[in-house]
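Architecture at a glance
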Amino acid sequence: MKASEAKVGALTLGGAVILAGMISFLGAFKLFDGGYDLHVSYPSVNGLQVGSAVRYAGVPIGTVKSARVEPDQVIITMHVNKGVQIPQEAEFSIGSDGVMGEKFVDVRPPKKYSGVYLRPDSTLTGQPGGDINDFMASSGKVLEKLEGIADALNNVFGDKEVQKSMRDGFINARDISNNLNTFTKIMADSAKENQAEIHNMVSQFNQMSIRMNKTMAHVESLMADVDANGETGRNVAVMAQNLAITSKNIEQISGTLAEVATDPQTKEDLKATIHNARGVTERANKILGMGDGMKVKTHADILHNVKGGSWRSNFGMQFDKSKKGTYGYLGASSIGDDTKLDLYFGKKFRGVDISTGAMQGKFGIGLGYGINDRFRIYSQLYDFSDSKLRLGGEYMIKDDIFLVGESLDLLHGNKQDVYLGIRAYF
């Protein structure tokens with residue numbers, strides 16, 4: 001019995017000796033592994049513990065050896081493995097494997113190397129890494145700002161006056177749309193109700209085209225005896241060009257009116273007008289040839305007084321020299337018993353045009369501005385003895401078709417002088 005106990009005791013003692021020897025060996029191996037220590041100060045090291053890993057660009061290079069608390073900081077001593085050199089410009093911070101993961105010392109390589117490495121037992125200043133507490137604090141600040149923005153928006157849009165203004169704005173937008181639809185219907189109904197006036201206008205165009213056709217036939221017969229290279233030939237050529245432009249415009253206007261005329265006699269007059277205008281154009285082109293490149297733009301207006309009851313029609317031709325920006329205008333306003341002459345010249349400067357001459361039958365000056373490709377405003381100050389101001393604008397609703405509104409005497413007039421209507425360019 002004593003012999004068995006002696007054997008067990010001997011085995012136990014031998015195992016303890018072997019274990020102690022292994023511990024001593026490993027301790028001695030660790031003690032003489034050739035690594036070195038570094039000391040890094042942090043303002044806080046939340047979650048970092050003795051034994052935590054030290055990583056250089058994500059690669060393990062050592063462990064945290066100890067942590068010493070001082071009044072204003074924490075000194076971490078880390079053991080760096082043998083053979084690892086850390087650049088002097090490297091940054092030491094505290095990282096973590098995820099928001100809730102284990103902490104470790106994160107050594108970040110510098111962007112530029114000086115070739116100098118840290119010496120053993122160097123003392124450095126580290127940068128604390130963000131943790132869940134910092135994240136929550138930052139989130140709280142963001143939430144506070146969002147709440148402030150929400151309160152500000154609530155103060156604006158929650159105000160009864162603001163809500164009423166927004167509601168009134170939507171109602172006004174709807175009313176504007178309805179008014180435009182109503183205005184379009186009024187214009188269509190007015191065209192139907194004024195067939196007689198349209199018929200009279202077309203008849204006058206027809207008579208004009210007949211006279212022009214006869215005149216051109218006479219001029220054509222005279223040209224056989226006129227030297228085209230002389231002064232007379234040049235004068236006739238200019239006249240022929242003007243007649244060709246005018247007749248072409250009459251043809252285009254008559255074609256447009258044909259779309260709205262329903263009276264049989266009006267249709268017949270339109271056909272005759274177009275036929276005669278084409279005849280004048282053919283004869284003029286035969287005499288003139290290709291012309292001198294001048295651009296001519298013709299327009300016709302049909303306007304209705306906003307107070308109702310009265311109509312106005314205008315007609316005019318603008319002669320442009322595109323390369324120079326100069327232009328001339330010849331036309332008539334308020335065609336009928338009170339027709340007024342427009343004859344003036346102007347200059348264009350990048351969307352702005354200035355003009356002077358006879359306006360509404362009186363001497364005046366004009367200023368126009370094209371806001372964009374669709375909208376243009378214009379003004380004319382004339383009759384300086386009474387200082388009348390004409391102000392209007394045109395807005396394109398379709399190619400060469402414009403919605404027009406204007407006041408003939410903005411300074412002294414009333415609603416009787418305000419007109420709305422359609423302007424067509426040819």
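Owing to the predicted nature of the structure, the values given are computational and were not obtained by experimental measurement. (Residues numbered from 1 in each chain as written. Predicted model: local features only at pLDDT ≥ 70, side-chain atom pairs only at ≥ 80, totals over all residues. Heavy atoms only, no water.)

Brief notes about the overall build of the protein
A count of helices and strands for the protein gives six helices and 17 strands. Burial statistics for the protein: of 426 residues in total, 33% are counted as buried. Of the roughly 26,800 Å² of accessible surface on the protein, 59% is carried by carbon and sulfur atoms. (Helix = DSSP H or I, 4+ residues; strand = E, 2+ residues; numbered from the N terminus. Buried < 20%, exposed > 50% of the residue type's maximum accessible area, 1.4 Å probe, protein only. Areas by Shrake-Rupley, 256 points an atom, 1.4 Å probe, with all protein chains shown as cover.)

Here's the deal with the nonpolar core
Ile86, Phe92 and Val105 are the most contacted members of the largest nonpolar core, which totals 22 residues. Those residues in contact with Val105 that lie beyond four places of it in its chain are Tyr42, Leu48, Ala53, Val54, Arg55, Val64, Met78, Phe92 and Ser93. Among the nonpolar cores identified, the runner-up in size contains eight residues, and Tyr378, Phe402, Tyr419 and Tyr425 belong to it. (Core = buried A, V, L, I, M, F, W, Y, C linked by side-chain atoms within 4.5 Å. Contact = heavy atoms within 4.5 Å.)

Considerations on the pattern of salt bridges
In a structure, side chains of opposite charge can pair up when their charged atoms sit close to one another. This structure, assessed with the given rule, holds nine salt bridges. One salt bridge in this structure joins Arg423 and Asp301, with 2.8 Å as the shortest N-O distance. Within this pair, whereas Arg423 is found in strand 17 (residues 418-425), its partner Asp301 is found in strand 8 (residues 295-305), the two being separated by 122 residues in sequence. Owing to a relative accessible area of 5%, Arg423 belongs among the buried residues under this scheme. Residues Asp353 and Arg376 are paired through a salt bridge, measuring 3.2 Å at the closest nitrogen-oxygen approach. Here the residue Asp353 occupies a position in strand 12 (residues 352-359), and Arg376 occupies one in strand 14 (residues 375-382), the gap between them amounting to 23 residues. Put simply, Asp301, Glu394 and Arg423 are held in one network by salt bridges that share partners. (Salt bridge = Lys/Arg side-chain N within 4 Å of Asp/Glu carboxyl O.)

Here's the deal with the sheet that holds strand 6 (residues 103-108)
The mixed open sheet is built from seven strands, whose spatial order is 5-6-2-3-4-1-7. The sheet terminates laterally at strand 5 (91-96) and strand 7 (123-125), the two strands that pair on one side only. Taken pair by pair, the neighbouring strands of this sheet meet at an average axis angle of 35 degrees, ignoring direction. Two elements, strand 2 (residues 53-56) and strand 6, share three bridges in a ladder whose sense is parallel. Of the residues in strand 6, the one forming a bridge with Val54 is Val105. (Pairing = 2+ DSSP bridges. Axes fitted to C-alpha atoms, helices over the stretch in contact; angles between N-to-C directions.)

Some words on the layout of surface pockets
If you add up the space inside the second largest pocket, you get close to 860 Å³. Together, 38 residues line the second largest pocket, and Gln318, Asp353, Arg376, Glu394 and Tyr425 are the ones closest to its centre. Its residues assigned to classes, the lining of the second largest pocket comprises 13 nonpolar, 12 polar and 13 charged. (1 Å grid on protein atoms, 1.4 Å probe; cavity = no way out; pocket = protein on both sides within 12 Å on 5 of 7 lines; lining within 4 Å. Points joined across faces, edges and corners; volume = space filled by probe spheres on them. Nonpolar A, V, L, I, M, F, W, Y, C, P; charged D, E, K, R; others polar.)

Focus: the environment of Gly392
Here Gly392 lies in strand 15 (residues 388-398). A C-alpha to C-alpha distance of 5.8 Å links Gly392 and Ile377, two positions 15 residues apart in sequence. Residue contacts for Gly392: discarding those within four places in its chain leaves Arg376, Ile377, Tyr378, Gly405 and Glu406.

Let's talk about the environment of Ser385
Here Ser385 lies in the loop between strand 14 and strand 15. When the C-alpha positions of Ser385 and Lys362 are compared, they lie 9.9 Å apart, and in sequence the two are 23 residues distant.

Some words on a nonpolar patch on the surface
On the surface, a nonpolar cluster with roughly 380 Å² of combined accessible area is contributed by Leu330, Leu341, Leu343 and Phe345. Here Leu343 is to be found in strand 11 (residues 340-349). Given a relative accessible area of 40%, Leu343 falls into the partly exposed group. (Patch = residues over 30% accessible without salt bridge, like charges linked within 9 Å, V, L, I, M, F, W, Y side chains within 5 Å.)

A few points about the pairing of strand 14
With seven bridges connecting them, strand 13 (residues 362-370) and strand 14 associate as antiparallel partners. For Gly366, the partnering residue across the bridge sits in strand 14 and is Gln380. Bridge count for strand 14 against strand 15 is eight bridges, and the pairing is antiparallel. Looking at the pairing, Tyr378 lines up with Gly392 of strand 15. Adjacent in sequence and paired antiparallel, strand 14 and strand 15 are bridged by five residues, among which Asp383 carries a positive phi angle near 50 degrees.

Some points on the side chain of Asp383
Mapped onto the fold, Asp383 is located in the loop between strand 14 and strand 15. One buried charged residue, Asp383, forms no salt bridge at all, with the nearest opposite charge on Lys388 at 4.1 Å. In terms of polar contacts, Asp383 uses its side chain to reach the side chain of Ser385, at 2.8 Å. Not counting the four nearest positions on each side in its chain, Asp383 is found in contact with Lys362, Phe363 and Lys388. (Lys, Arg positive; Asp, Glu negative; His and termini not counted. Polar contact = N/O pair within 3.5 Å; in protein donor to acceptor, adjacent residues only side chain to side chain.)

Focus: the packing of aromatic side chains
Evaluation of the coordinates by the stated rule reveals four aromatic pairs. For the pair Tyr329 and Tyr344, a centre-to-centre distance of 5.0 Å together with 20 degrees between the ring planes defines the contact as stacked. In this pair, Tyr329 sits in strand 10 (residues 326-333) while Tyr344 sits in strand 11, placing the two residues 15 residues apart along the sequence. Assigned by exposure class, Tyr329 and Tyr344 land together as buried. A cation over a ring is seen here: Lys297 above Tyr425, with NZ or CZ 4.6 Å from the ring centre. Positioned above the aromatic ring of Tyr327 is the side chain of Lys348, whose terminal nitrogen or guanidinium carbon lies 5.6 Å from the ring centre. (Phe/Tyr/Trp six-rings, centres within 6.5 Å; stacked < 30°, edge-to-face > 60°. Lys NZ or Arg CZ within 6 Å of the ring centre and 35° of its normal.)

Examining the confidence of the model for the protein
When pLDDT drops low, the exact placement of atoms in the prediction is not to be read closely. In this model, the protein carries an average pLDDT of 75, and 55% of its residues clear a pLDDT of 70 or more. Below a pLDDT of 50 lies the segment residues 287-291, which in the model reaches 10 contacts outside its immediate sequence neighbourhood of four places, other chains included. (pLDDT = per-residue confidence, 0-100.)

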